[in-house]
Amino acid sequence: RLSLDSRLPSVGYQIKMQRVMDHCFRLLFGLVFESNTVFFLVSKRGWETATTDKIDLATACIALVYNFYLVMCYFRGKRRRHNLLL
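All values reported here derive from a predicted model rather than from experimental measurement.

### As for the overall build of the protein
Thinking step 1. Broken down by element type, the protein carries three helices and zero strands.
Thinking step 2. Put simply, the protein runs from its N terminus to its C terminus through helices and strands in the order α-α-α.
Thinking step 3. Classification of the 86 residues of the protein by burial places 13% in the buried group.
Thinking step 4. Of the roughly 7700 Å² that the protein leaves accessible, carbon and sulfur atoms contribute 68%.

Spelled out as structure tokens, the structure:
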């Protein structure tokens, strides 16, 4: 079994990309949910657009920070592997 495992390709990259895609899906799901909530608040509840603009801005900032976090986690793992090889 060990000799066969050494001949198989590494699937670490595919697993990592799947994890990144999962995080991106969660982010997009959150943005769509926020957009639908803001639409409901404006059209059905009569909220002012200025108030919901603040919600949009906060959500955009959170999404941007989350993207930075995702990129940092991705490259931090890559840097750790590189340091272990040296």
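### With respect to the confidence of the model for the protein
Thinking step 1. Predicted confidence across the protein gives a mean pLDDT of 82, with 72% of residues reaching 70 or more.
Thinking step 2. Considering each helix and strand of the protein separately, the mean pLDDT is smallest for helix α1 (residues 2-7), with a value of 59, and largest for helix α2 (residues 12-43), with 88.

### Brief notes about the side chain of E34
Thinking step 1. With respect to the element layout, E34 can be found in helix α2.
Thinking step 2. Within the buried set, E34 has no salt-bridge partner at all; the shortest N-O distance to an opposite charge, 14 Å, is to K54.
Thinking step 3. Residue contacts for E34: discarding those within four places in its chain leaves I55, D56 and T59.

### Topic: the side chain of T52
Thinking step 1. Here T52 is to be found in helix α3 (residues 49-85).
Thinking step 2. Only 3.0 Å separates the side chain of T52 from the backbone oxygen of T49, close enough to count as a polar contact.
Thinking step 3. With residues up to four places along the chain from it excluded, the contact list for T52 reads V38, V42 and W47.

### So, the environment of M17
Thinking step 1. Here M17 shows up in helix α2.
Thinking step 2. Accessibility expressed as a relative area gives 27% for M17, which makes it partly exposed.
Thinking step 3. Residues M17 and Y74 lie 57 residues apart in sequence; the distance between their C-alpha atoms is 9.3 Å.

What counts and how
Residues numbered from 1 in each chain as written. Predicted model: local features only at pLDDT ≥ 70, side-chain atom pairs only at ≥ 80, totals over all residues. Heavy atoms only, no water. Helix = DSSP H or I, 4+ residues; strand = E, 2+ residues; numbered from the N terminus. Buried < 20%, exposed > 50% of the residue type's maximum accessible area, 1.4 Å probe, protein only. Areas by Shrake-Rupley, 256 points an atom, 1.4 Å probe, with all protein chains shown as cover. pLDDT = per-residue confidence, 0-100. Lys, Arg positive; Asp, Glu negative; His and termini not counted. Salt bridge = Lys/Arg side-chain N within 4 Å of Asp/Glu carboxyl O. Contact = heavy atoms within 4.5 Å. Polar contact = N/O pair within 3.5 Å; in protein donor to acceptor, adjacent residues only side chain to side chain.

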